[in-house]
Amino acid sequence: MQNIWVQDLRCQHGPSHPDTIQGPPKAPMEKDIDGCQDGAKTVPSAMLGTEGTDSQLDDFVGANPDYNEEEEEQKYFRRKRLGVIKNVVAASLAGTLTYSVYLGLLQMQLILHYDETYREVKYSNIRLEDIDRKVLMGINVTPVAALLYTPILIRYGPAMPRPARLPGMATHPSAPCPGRFFGTKWAMFLAVGIYALFVSSNYWERYYTLVPSAVAIGMVIVPLWASMGTYIMRMAQKYYEYVNYKEEQERERQRAPRDACNTYIIVFQTVFYSCFHLSFVCAQMPMVFFLNNYLYQLNHTLFAVKHCGTLSHGTLPGFNKTVLQSLPRSVSLIIVESALMAAAFLAMLVVSAGAGGDRDGLDDGGTSPDGAPQVLVLCGAAYRPMEEIDMRSIGWGNIFQLPFKHMRDYRLRHLFPLFIYSGFEVLFVCTGFSLNYGVCALGLERLAYLLMAYGFSASVCSSLALCTLRLRRHIPLLAGAFIHAVLLVTLFCWAPEPRYLAQAPLLYSIAALWGTGSALNKTGISILLGMLYKKKERQDFIFTIYHWWQALAIFTVYLWSGLPMKVSPGYAPAHSETLQAFWGHTPTPIPKLHVPQAKLSIMLLTLVVAVGTYLWMEQKVAWNMEVRLPRIPRPRHKTRGYRYLEDNSDETGSDGDGDKEDDDTHPTEATRENELPKEDGERLG
C-alpha cells in the first residue's frame, strides 16, 4: 500500500514536488502518464519505481540501440550516387530528345520546301526558298560569335527577386539582389526551350517566325553543348566524391590523385554519347512513318542525275524539283509537329527543376530548402550555392576574357585541328555523303535508313571508348581517325552509279563504319578534355572553346556546299553558288573562284594535321612540359548580398569537393584581388 501511495503521489505532483524524490529531467506528458501507470502496476517499491521511470525516459530520449551510424552513412551516400546516375541519364535523354526533334523537323521542313508544287500550292507568295536560305544562315552563321557570350550566359543571369533571409546568409534591407549564377543546368534548360520555340514556329511558316527562331537556335548551340559537357564532367567528379567519402574524411584537406576520377569521366561520357547518337535514329521517325508515304520513287526524282559521289559538283545536281507525288494534308502536318512539340516539351521537363528546388541538385529528397515540394527534379544542378557565388563573383570582365586567355595553353592549341575535324565529319555525313552518295544511288526514300545505320552504329560503338579504362587514352582517338581516313580514301576513289540499288550494302556499311569513327572521335575528345582539365573553374571555358571551334567548322561546311567532291582542275565556276547563297543575290557579280581543292581533300588534309598535332601534344605532355594557364581571380564577396556562412556552420555543406586540385580556402571577404594557387606542374601566367 505504501508503494502504491508513493507512485500516486509522483503522478499527481510530478518530479518537482518537494515531497518526492528528484529524478531525471521531465519527459513529455504522454510519457509521464504512461510511466506512472506502468510504474503503479509493475514496480513493487519506491526505489524500483524510480529506476523503472529512469530507464523508460532513457529509452525515449536516448540513442536508439538499433541505430547503426555506419550503415546509415552508407545508405545516405548510396542515395547520393543514385542521384548522380539519375542526373547523367536525364541529361543524356534530354540531349537525345532535343536533337531528335530538331534534326527530324529540319529535315522534313527542307524536303517539303524543296518541292515546287508544295511551294506553289501552299505558299505561293512568300518565297520559301529564300526563307530556307536565311534559316540555314541563321543556324550556321550565328554560332561564330558564341565565344563572346557563352561563358557569361552560363555564369551570369538576370537579377533575381530577393530570396528569403536564411540563417548565415546576410542581406542588407536596401541592397539589390546580385545577378544570379545562371548555371549549367539552367543554360541547358534555356537552350532546350529555344529548340522547342523553333518547333512551335513551324505551325505558322512565315519569315518573321522561322528566321528569328533559327537565329535563336544558332545563338544557343554552343552554350547548350558547353553546358552539357561541363555537366557530365561535374557529375563524374561528384560520383567520385560519394564513392570515396570515407577516404575523404580520413584524409581531410589532402589532395586526391590527379587521375582519381578518370574512370567515372570515361564511363559517364560514354553513357552520354551512347544516348545522344540515338538522336540520329529517332530523327528519322517523321520521315519513316509519315513523309515516305508521299515521296516519288527514285526513277522520278533521279531521272536527270548523271553523276554521283566524286564526279558531282555541288549538292546533287540534276535532282528533280518535284519530289512529292501527293501533298500532305495540313491536319497531318499539324499532328506530326504536335508530336515533335510534345517531345521537345518532355526534354524541357527532364532538364528543368521546380521553382525553389535544391540547388545542390544531388540530393534526392522531395523538398526544396524552403520546404516547397520539387516538381520537375530529373536533372539536378551541378554546383552548390556557395560554388555558384564564387564562380559568378570573379566579375563579368574576367569571365569574358578567360576563354581567350585559355587558348594560350599549348594543349588546347594542338587540339584545335581535331576540334575542327570533329565539326567537319558529322556535318559531312549528314549532307555530303548522304546526298551525293546515298540519295544519288538509292533515292530519297532511303535517306532515313542510311542515317539510321549511322546513328545505330555510333550509339553502339560509343561503348568502345570504355577501352580507355585499360588502354592509353590516345588509342580510341587514333582508331577513329584511322577508320575515317580509310573511308575518305575509299570515297575519293569511288563514285556510285545513279539509281543502282545493288550498291546499298556497301553504302550502309560505309555509313555504319563512319558512325564508328564518329563515336570514337566525339567520345574520345570529351574524355581527353575531362582528363586534362579537372578544375571546375575552367571546365565551362574549355568546353566553350571546343564547341566554338566545332561551330566554325560547321560554318565552313555550310560555305563549301558548292564545291566539288574532289580535285577537278577544269572546274572553275563563273559564280560561286555558295557565296551567292550566303550574301544573297547581288547585282555585282562575284569574281571567279578557281578551286584547287574540294571537300574530301580538305577533310583528309584536316584529319592528317589533327592527328599530327594531337600526337605532338601527347608527346609534350609526356615530357612534362609546363603549360600556361591564366590565373583565375579569387572570388570577391561584397558586404551587401550573399556572403559565406561561418566555417563551423553545418549549412555550408560538409561534403567536400573531390575535384579540387589545390587548397581553395580563402577568407570570407577579399579586400584585394587575390588569385588561386597554381596547379600541379603548371606555370600560371
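If you're wondering where the values come from, they're calculated on a predicted model, not measured in any experiment.

Rules used in this analysis
Residues numbered from 1 in each chain as written. Predicted model: local features only at pLDDT ≥ 70, side-chain atom pairs only at ≥ 80, totals over all residues. Heavy atoms only, no water. Axes fitted to C-alpha atoms, helices over the stretch in contact; angles between N-to-C directions. Helix = DSSP H or I, 4+ residues; strand = E, 2+ residues; numbered from the N terminus. Parallel < 35°, antiparallel > 145°, perpendicular 65-115°, else oblique. Left-handed = near helix turned anticlockwise from the far one by under 90°. Contact = heavy atoms within 4.5 Å. Expected span 1.5 Å × (residues − 1). Core = buried A, V, L, I, M, F, W, Y, C linked by side-chain atoms within 4.5 Å. Buried < 20%, exposed > 50% of the residue type's maximum accessible area, 1.4 Å probe, protein only. pLDDT = per-residue confidence, 0-100. Nonpolar A, V, L, I, M, F, W, Y, C, P; charged D, E, K, R; others polar.

## Here's the deal with the packing of helix H20 (residues 474–493) against helix H24 (residues 599–622)
Here is step 1: It is at 10 Å that the axes of H20 and H24 come closest, and there the two elements cross at 160°. In terms of their interaxial angle, H20 and H24 are classed as roughly antiparallel. The crossing of H20 and H24 is left-handed. Every residue of H24 that contacts H20 at His 474, Leu 477, Leu 478, Ala 481, His 484, Ala 485, Leu 488, Val 489, Leu 491 and Phe 492 is listed here: Leu 600, Ser 601, Met 603, Leu 604, Leu 607, Val 611, Tyr 614, Leu 615 and Glu 618.

## So, helix H11 (residues 262–276)
Here is step 1: The end-to-end C-alpha distance of H11, which contains 15 residues, comes to 21 Å, matching closely the 21 Å that a straight helix rising 1.5 Å per residue would cover.
Here is step 2: Buried residues in H11 make contact with helix H4 (69–114), helix H9 (207–243), helix H12 (279–282), helix H19 (447–461), helix H21 (504–532) and helix H22 (536–559).

## Notes on the nonpolar core
Here is step 1: Of all hydrophobic cores here, the largest spans 146 residues; its most connected members are Leu 415, Phe 419, Phe 433, Leu 444, Trp 514 and Leu 529.
Here is step 2: Element by element, the count of residues in this core is highest for H9, at 20 residues.
Here is step 3: Discounting chain neighbours no more than four positions away, the residues touching Leu 415 are Leu 528, Leu 529, Leu 532, Tyr 614 and Met 617.

## Some thoughts on the confidence of the model for the protein
Here is step 1: Counting all residues, the mean pLDDT for the protein is 74, and 65% of those residues have values of 70 or more.
Here is step 2: A low-confidence stretch, residues 354–377 (pLDDT under 50), is modelled with 48 contacts involving residues beyond four sequence positions or located in other chains.

## Overview of the packing of H4 against helix H15 (residues 330–351)
Here is step 1: The N-to-C vectors of H4 and H15 enclose an angle of 155°; their axes lie 8 Å apart at closest approach. In terms of orientation, H4 and H15 fall into the roughly antiparallel class. Considering how the two elements wind past one another, H4 and H15 form a crossing that is left-handed. Counting all contacts with H4, which are made through Ala 90, Ala 94, Leu 97, Thr 98, Val 101, Leu 105, Met 108 and Leu 112, the residues of H15 involved are Leu 333, Val 336, Glu 337, Leu 340, Ala 343, Ala 344, Leu 346, Ala 347, Val 350 and Val 351.
Here is step 2: Of the residues contributing to the contact of H4 with H15, the split by class is 16 nonpolar, one polar and one charged.

## Regarding H19
Here is step 1: Spanning 15 residues, H19 covers 21 Å between terminal C-alpha atoms, matching the ideal 21 Å at 1.5 Å per step.
Here is step 2: Counting buried positions along H19 yields twelve of 15 residues, so the element is predominantly enclosed.
Here is step 3: Inspection of H19 places Leu 447, Ala 448, Leu 450, Leu 451, Met 452, Ala 453, Tyr 454, Gly 455, Ser 457, Ala 458, Ser 459 and Cys 461 among the buried residues, and these make up the whole buried set.
Here is step 4: Tucked inside the fold, the buried residues of H19 contact H4, H11, H12, helix H13 (285–289), helix H18 (410–442) and H21.

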